[in-house]
Amino acid sequence: MTKKTESISTPKGNVHLKIKIDDLQTFDPLTNNQKKFFELYKRGDYFIALLGSPGVGKTFLALLKSLEEVLDKANSFEKVVIIRSAVQVRDQGFVPGTLEEKMAMYETPYIDICKTLFSRKDAWQRLCEQSHIDFISTTAIRGRTFDDAILIVDEAANLSWMELSAVMTRVGYRSKIIICGDLFQNDLIKNKNDTSGLSKFLDVARTMPEFSEINFTPDDIIRSSLTKNFIIACQNKGLIPSQ
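Owing to the predicted nature of the structure, the values given are computational and were not obtained by experimental measurement. (Residues numbered from 1 in each chain as written. Predicted model: local features only at pLDDT ≥ 70, side-chain atom pairs only at ≥ 80, totals over all residues. Heavy atoms only, no water.)

Caption draft 1: Up close: helix α7 (residues 198-205). Within α7, burial applies to Leu198, Phe201, Leu202 and Ala205. Looking down the long axis of α7, one finds its buried residues gathered within 100 degrees of arc, a one-sided arrangement. For α7, the elements touching its buried residues are β3 (47-52), α6 (161-168), β7 (176-181) and β8 (211-216). (Buried < 20%, exposed > 50% of the residue type's maximum accessible area, 1.4 Å probe, protein only. Helix = DSSP H or I, 4+ residues; strand = E, 2+ residues; numbered from the N terminus. Arc of directions from axis to C-beta. Contact = heavy atoms within 4.5 Å.)

This is the structure in structure tokens:
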């Protein structure tokens, strides 16, 4: 995504200055698939899957468009809800602290994205304080209903079928959901008792008229040329399937 260049800083004076829609930087799509997502979102699609290669901007794009709507007072959306599984904790054994403290390590990618989106180091903290963003684990989703919200399910390949099903049944009145994932980037393979439910979930979703999906390929990778060439080299060696 291209953007106007500004330095990233913490606002002087009132460090608790609220974030507004005017603070959101302008980004343009860099690839045809990014452009397609912008078009689907503008069209009003409310059940979208962004799938494929790492480094194509799936989470960045989802958070950009979601915050754009949430911060626009003309919209009914009140908050962005980022949902992911704490799958990596399973490899670390017991981790002390509350659920929020255990999940804090997974917030880093979103902190970085918000820093870029608003050119402010404190953007994530301010958005959370203003109740524009919630970050939760699938372990805490049962019994919840999300009305007037935009749900982003990130690292979806790390969710089991039961987790994905639970998330989908939490979508409430006037809400949207965006699924971000890569079928071939799955940490659940480390646990023989747990398998990714993303493939099964997509099989079901594709039978629904509300569903739209965009499949990104290595041609869409914008993170760096090194990342792009590494993914292509892995495909050429048969280490990951071609997308």
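Caption draft 2: Highlighting the sheet that holds strand β6 (residues 149-153). In spatial order, the strands read β5-β4-β6-β7-β3-β8; together these six strands make up an open sheet with parallel pairing. Because the sheet does not close on itself, it has two edges, and the strands there are β5 (133-137) and β8. Neighbour to neighbour, the strand axes of the sheet diverge by 15 degrees on average, direction disregarded. Packing of helix α1 (residues 32-43) onto the sheet brings it into contact with β3, β6, β7 and β8, and relative to β8 it is tilted by some 165 degrees. (Pairing = 2+ DSSP bridges. Axes fitted to C-alpha atoms, helices over the stretch in contact; angles between N-to-C directions.)

Caption draft 3: Main features of the nonpolar core. One finds Phe37, Leu50, Leu63, Leu67, Leu117 and Phe118 to be the most contacted residues of the largest nonpolar core, which totals 42 residues. Broken down by element, this core gets its largest block of residues, seven residues, from helix α2 (residues 58-70). With sequence-adjacent residues up to four places away left out, Leu117 is seen in contact with Asp23, Leu24, Gln25, Phe27, Phe60, Leu63, Leu64 and Leu67. Core analysis: the next-biggest nonpolar cluster, separate from the first, contains 24 residues, Phe146, Ala156, Leu164 and Leu198 among them. (Core = buried A, V, L, I, M, F, W, Y, C linked by side-chain atoms within 4.5 Å.)

Caption draft 4: Region of interest: the packing of α6 against α7. Here α6 crosses α7 at 40 degrees, and the two axes come no closer than 8 Å. Relative to α7, the element α6 lies oblique. Between α6 and α7 the crossing geometry is right-handed. From α6, Trp161, Leu164 and Met168 reach across to α7, where they touch Leu198, Lys200, Phe201 and Val204. Here the residues of the contact of α6 with α7 sort into six nonpolar, no polar and one charged. (Parallel < 35°, antiparallel > 145°, perpendicular 65-115°, else oblique. Left-handed = near helix turned anticlockwise from the far one by under 90°. Nonpolar A, V, L, I, M, F, W, Y, C, P; charged D, E, K, R; others polar.)

Caption draft 5: Fine view of the packing of α2 against helix α4 (residues 108-118). Between α2 and α4, whose axes approach to 10 Å, the crossing angle comes to 55 degrees. Viewed along their axes, α2 and α4 adopt a mutual orientation that is oblique. Helix-helix and strand crossings are classified by hand; for α2 and α4 the assignment is right-handed. Packed against α2, whose contacting residues are Thr59, Phe60, Leu63, Leu64 and Leu67, the element α4 presents Tyr110, Ile113, Cys114, Thr116, Leu117 and Phe118 at the interface. By residue class, the composition of the contact of α2 with α4 is nine nonpolar, two polar and no charged.

Caption draft 6: Quick peek at the pattern of salt bridges. Taken as a whole and judged by the stated rule, the model has nine salt bridges. Across the pair Asp45 and Arg43 runs a salt bridge whose closest N-O atoms are separated by 2.7 Å. A relative accessible area of 10% means that Asp45 is categorised as buried. With a relative accessible area of 59%, Arg43 lands in the exposed category. Linking Arg126 and Asp122 is a salt bridge whose minimum nitrogen-to-oxygen distance equals 3.0 Å. Take Arg126: its relative accessible area is 4%, and that puts it in the buried class. (Salt bridge = Lys/Arg side-chain N within 4 Å of Asp/Glu carboxyl O.)

Caption draft 7: Fine view of the pairing of β7. Taking burial as the measure, the six residues of β7 include six buried ones, the bulk of the element. Neither face of β7 is open: one carries Lys176, Ile178 and Cys180, the other Ile177, Ile179 and Gly181, and all of them are buried. Relative to β7, β6 runs parallel, the two being bridged by four bridges. Pairing of Ile150 across the sheet is with Lys176, part of β7. Crossover connection from β6 via α6 to parallel β7: handedness right-handed. (Right-handed = clockwise from strand over helix to strand, strands pointing away.)

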